[in-house]
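Residue-level structure breakdown
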Amino acid sequence: MIPGAAGQIRVFHDLEALSRAAADLFFTLSHMAIAARKKFTVALSGGSTPARLYSLLGSDEYCEKITWQGVHVFWTDERAVPKEHPESNYRLADTSLLSKVPLPAGNIHRIRGEEEPRSAAQRYEEEIRQFFGGTQVPVFDLVILGAGEDGHTASLFPGSAPLNERVRLAAPVLMDRPKIDRVTLTLPVLNHAAHILFLVSGRKKGDILRELLEGEHRDTYPAGLVQPVNGSLEWLVDKDAAALLRNAG
Ligand code: 6PG
């Protein structure tokens, strides 16, 4: 493990090894949180990288050892599409994970992609506030993030308005057509999480990973603005993504 300003970095042989480490971490953190507070709150991302993690968590091996009754699932972001749509982040998690484990329906806190993004963001924020209670920024036990080649994370894109949000927990992301609108958690929520986990895989992520982990201008990228307030930040990356790092060993 390599410590640094950008967080802890662990480099794995391939996506399979990376996904297993992430599944082990999910198990450990959920076990500790449920033992201490009877609840484990996690925010899931979309994209292709976490798909293997989700199917591992839904497999017998992990399904049986996780106390699903205590797990509460949220999302970091969602596209403005119905929940059956191939681009739906809810659908990705549902197909490989949620439908495979004994998770009570009331523990699934999805973003309503089928609604107009402004009202979906408002409704999601209300659900989060109601669940966590109080007026403070909620502290998720685990937030799982990916990074795009342009440095975006969740649905926080370079130069976009939601990056400046300091009060709202969730924000609509209105995209230029033909791109699909989205809803995203905002930086204050991501940064207050107890554990922030980035998953990055593949050679095409080499340049941006180097910028984010070793560059001098990491905070010009949304993913580089993810800096824990009190929690920890960990990057699980594979060898291909780490190929351009100077300090990856
Ligand atoms: C999404 C995301 C997004 C994703 C990155 C990386 O809904 O698409 O939450 O931020 O994590 O685009 O995606 P890949 O895993 O496909 O590289």
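See above for the structure.
Let me sum up the structure you'll find in this document. Being a predicted model, the structure only gives us computed values, none of them experimental.

Conventions used here
- Residues numbered from 1 in each chain as written.
- Predicted model: local features only at pLDDT ≥ 70, side-chain atom pairs only at ≥ 80, totals over all residues.
- Heavy atoms only, no water.
- Helix = DSSP H or I, 4+ residues; strand = E, 2+ residues; numbered from the N terminus.
- Buried < 20%, exposed > 50% of the residue type's maximum accessible area, 1.4 Å probe, protein only.
- Contact = heavy atoms within 4.5 Å.
- Areas by Shrake-Rupley, 256 points an atom, 1.4 Å probe, with all protein chains shown as cover.
- Lys, Arg positive; Asp, Glu negative; His and termini not counted.
- Charge placed at Lys NZ, Arg CZ, Asp CG, Glu CD.
- Pairing = 2+ DSSP bridges.
- Axes fitted to C-alpha atoms, helices over the stretch in contact; angles between N-to-C directions.
- Core = buried A, V, L, I, M, F, W, Y, C linked by side-chain atoms within 4.5 Å.
- Salt bridge = Lys/Arg side-chain N within 4 Å of Asp/Glu carboxyl O.

Concerning the overall build of the protein chain
Scanning the protein chain from terminus to terminus reveals seven helices and nine strands. Oriented by its inertia axes, the alpha-carbon framework of the protein chain measures out at about 45 × 45 × 35 Å. In the protein chain, which comprises 249 residues, the share counted as buried stands at 53%. Contacts in the protein chain between residues far apart in sequence, at least 24 positions, make up 75% of those at least 6 positions apart. When the accessible surface of the protein chain is summed, it comes to about 11200 Å², and 51% of that surface belongs to carbon and sulfur atoms. Distance between charge centroids for the protein chain: 2 Å, based on 28 positive and 31 negative side chains.

Description of the sheet that holds strand S7 (residues 182-185)
Spatially, S4-S7-S6 is the arrangement adopted by the three strands of the open sheet, whose pairing is antiparallel. The two strands at the open ends of the sheet, each matched to only one other strand, are strand S4 (77-79) and strand S6 (170-173). Strand-to-strand twist of the sheet, defined as the mean angle between neighbouring strand axes without regard to direction, takes the value 15°. Of the strand pairs in this sheet, S6 and S7 are connected by four bridges, and their pairing is antiparallel.

Looking at the nonpolar core
Side chains of a nonpolar character, in soluble globular proteins, are inclined to be buried together. With 76 residues, the main nonpolar core has Trp 68, Val 71 and Trp 235 as its most contacted residues. With nine residues, the top contributor of residues to this core is helix H1 (residues 15-37). Ignoring any residue separated from it by four or fewer positions in sequence, one finds Trp 235 in contact with Ala 6, Gln 8, Ile 9, Arg 10, Phe 198, Val 200, Leu 209, Leu 212, Leu 213 and Arg 218.

Structural notes on the sheet that holds strand S5 (residues 142-145)
With respect to topology, six strands assemble into an open sheet ordered S1-S9-S8-S5-S2-S3, the strand pairing being parallel. Each edge of the sheet is formed by a strand with only one pairing partner; in this case those strands are strand S1 (8-12) and strand S3 (71-75). Here the strands of the sheet are splayed against their neighbours by 20° on average, with no regard to which way each runs. Bridging between S5 and strand S8 (residues 195-200) involves three bridges; their strand directions are parallel. Its bridge partner being in S8, Val 143 is matched across the sheet by Ile 196.

Here's the deal with helix H7 (residues 206-214)
Burial in H7 covers these residues: Gly 206, Ile 208, Leu 209, Leu 212, Leu 213 and Glu 214. Contacts from the buried residues of H7 go to S1, S8 and strand S9 (232-238).

Topic: the pattern of salt bridges
Inspection of the entire model under this criterion finds 17 salt bridges. A salt bridge links Asp 141 to Arg 37, with the shortest nitrogen-to-oxygen separation between them at 3.1 Å. With Asp 141 in the loop between helix H5 (117-132) and S5 and Arg 37 in helix H1, the pair connects residues that are 104 residues apart, well separated along the chain. Taking relative accessible area as the criterion, Asp 141 reaches 10% and is therefore assigned buried. Looking at Arg 37, the relative accessible area reads 49%, which means it is partly exposed. Put simply, Glu 16, Arg 20, Arg 52 and Glu 61 are held in one network by salt bridges that share partners.

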